[in-house]
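Report on the structure
Letter by letter, the chains look like this.
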Amino acid sequence: MSAIPRIVVGVDGSPASEQALRWAVDYAKAVGGTVNAIAAWEYPAFYGWAGAGVPTVETFNPEELAGRTLSESVVKVVGDDPGVRISETVMPGAAATALLEAAKGAALLVVGSRGLGGFSGVLLGSVSRHLTEHAPCPVVVVREGQATAE
């Protein structure tokens, strides 16, 4: 009996990442796989500049925000009955680093072409480019407006 394919998808709440999630769910349905939706978080780099302190967990919790964004994106994209098993994982660190770690042993890694950190007009964002060059498995980069995996 063969292993169930695990499809890893990066989700940051952007339209491109939500399209990547939809693609990953459709693909998982087609191949009998599962989806592992990943959200990464880190403190913004400007904390610590010019003496600014890191905010307390009570005022700013990027891990909680990433988890809430991930859960809201999953509900928005697939509703209450996605038709496949979806696990949600929130990981500390930069998006590319977290996704490379999560992709170990995966059948496929799926990301949007531009997430929330992208510059308008860039066809392939820095995270997706890094992943296509370094991932331990095949990578699908879903462009905004790209059709589903059917």
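Residues numbered from 1 in each chain as written. Predicted model: local features only at pLDDT ≥ 70, side-chain atom pairs only at ≥ 80, totals over all residues. Heavy atoms only, no water.

Digging into the packing of helix H3 (residues 95-102) against helix H4 (residues 126-134)
Running from amino to carboxyl end, H3 crosses H4 at an angle of 35 degrees, the nearest separation of the two axes being 9 Å. The crossing of H3 and H4 is right-handed. Residues Ala95, Ala96, Leu99 and Leu100 of H3 form the contact with H4, whose participating residues are Val127, His130, Leu131 and His134. Residue composition of the contact of H3 with H4, grouped by class: six nonpolar, two polar and no charged. (Axes fitted to C-alpha atoms, helices over the stretch in contact; angles between N-to-C directions. Helix = DSSP H or I, 4+ residues; strand = E, 2+ residues; numbered from the N terminus. Left-handed = near helix turned anticlockwise from the far one by under 90°. Contact = heavy atoms within 4.5 Å. Nonpolar A, V, L, I, M, F, W, Y, C, P; charged D, E, K, R; others polar.)

A closer look at the side chain of Glu18
In this fold, Glu18 is placed in helix H1 (residues 15-31). For Glu18, a relative accessible area of 11% corresponds to the buried category. Among the polar contacts made by the side chain of Glu18, one reaches the side chain of Ser73 at a distance of 3.1 Å. Residues in contact with Glu18, not counting those within four places in the same chain, are Gly13, Ser73, Lys76 and Val77. (Buried < 20%, exposed > 50% of the residue type's maximum accessible area, 1.4 Å probe, protein only. Polar contact = N/O pair within 3.5 Å; in protein donor to acceptor, adjacent residues only side chain to side chain.)

Remarks on the packing of aromatic side chains
Counted according to the given criterion, the structure contains one aromatic pair. Aromatic pair Trp23 and Tyr27: ring centres 5.3 Å apart, planes at 10 degrees, arrangement stacked. A residue pair is termed a helical-turn pair when its members lie 3 or 4 positions apart in one helix, as Trp23 and Tyr27 do in helix H1 at four residues. (Phe/Tyr/Trp six-rings, centres within 6.5 Å; stacked < 30°, edge-to-face > 60°.)

Some remarks on the confidence of the model for the protein
In the predicted model, the protein carries a mean pLDDT of 84, and the fraction of residues at 70 or more is 77%. Per-element averaging of pLDDT across the protein places H4 at the bottom with 89 and strand S1 (residues 6-10) at the top with 97. In the model, residues 118-124 has pLDDT below 50 throughout and makes seven contacts with residues more than four positions away in sequence or in other chains. (pLDDT = per-residue confidence, 0-100.)

Regarding the pattern of salt bridges
Summed over all chains, the structure comprises five salt bridges. Salt-bridge contacts for Arg129 lead to Glu133; the nearest nitrogen and oxygen are separated by 3.1 Å. Residue Arg129 and its partner Glu133 are both found in helix H4; the two are separated by four residues, about one turn of the helix. Taking relative accessible area as the criterion, Glu133 reaches 49% and is therefore assigned partly exposed. (Salt bridge = Lys/Arg side-chain N within 4 Å of Asp/Glu carboxyl O.)

Remarks on the environment of Val110
Structurally, Val110 can be placed in strand S4 (residues 108-112). A relative accessible area of 0% places Val110 in the buried class. Along the chain, Val110 and Gly10 lie 100 residues apart, while their C-alpha atoms are 6.6 Å from each other. Beyond its immediate sequence surroundings of up to four residues, Val110 is in contact with Ile7, Val8, Val9, Gly10, Ala20, Trp23, Ala24, Val140 and Val142.

What about the nonpolar core?
Val9, Leu21, Val35, Ala37, Ile86 and Val110 are the most contacted members of the largest nonpolar core, which has 24 residues in total. Among the elements that take part in this core, H1 stands out by supplying six residues, more than any other. What Ile86 contacts, discounting residues up to four positions off in sequence, is Val25, Val35, Ala37, Val74 and Val78. (Core = buried A, V, L, I, M, F, W, Y, C linked by side-chain atoms within 4.5 Å.)

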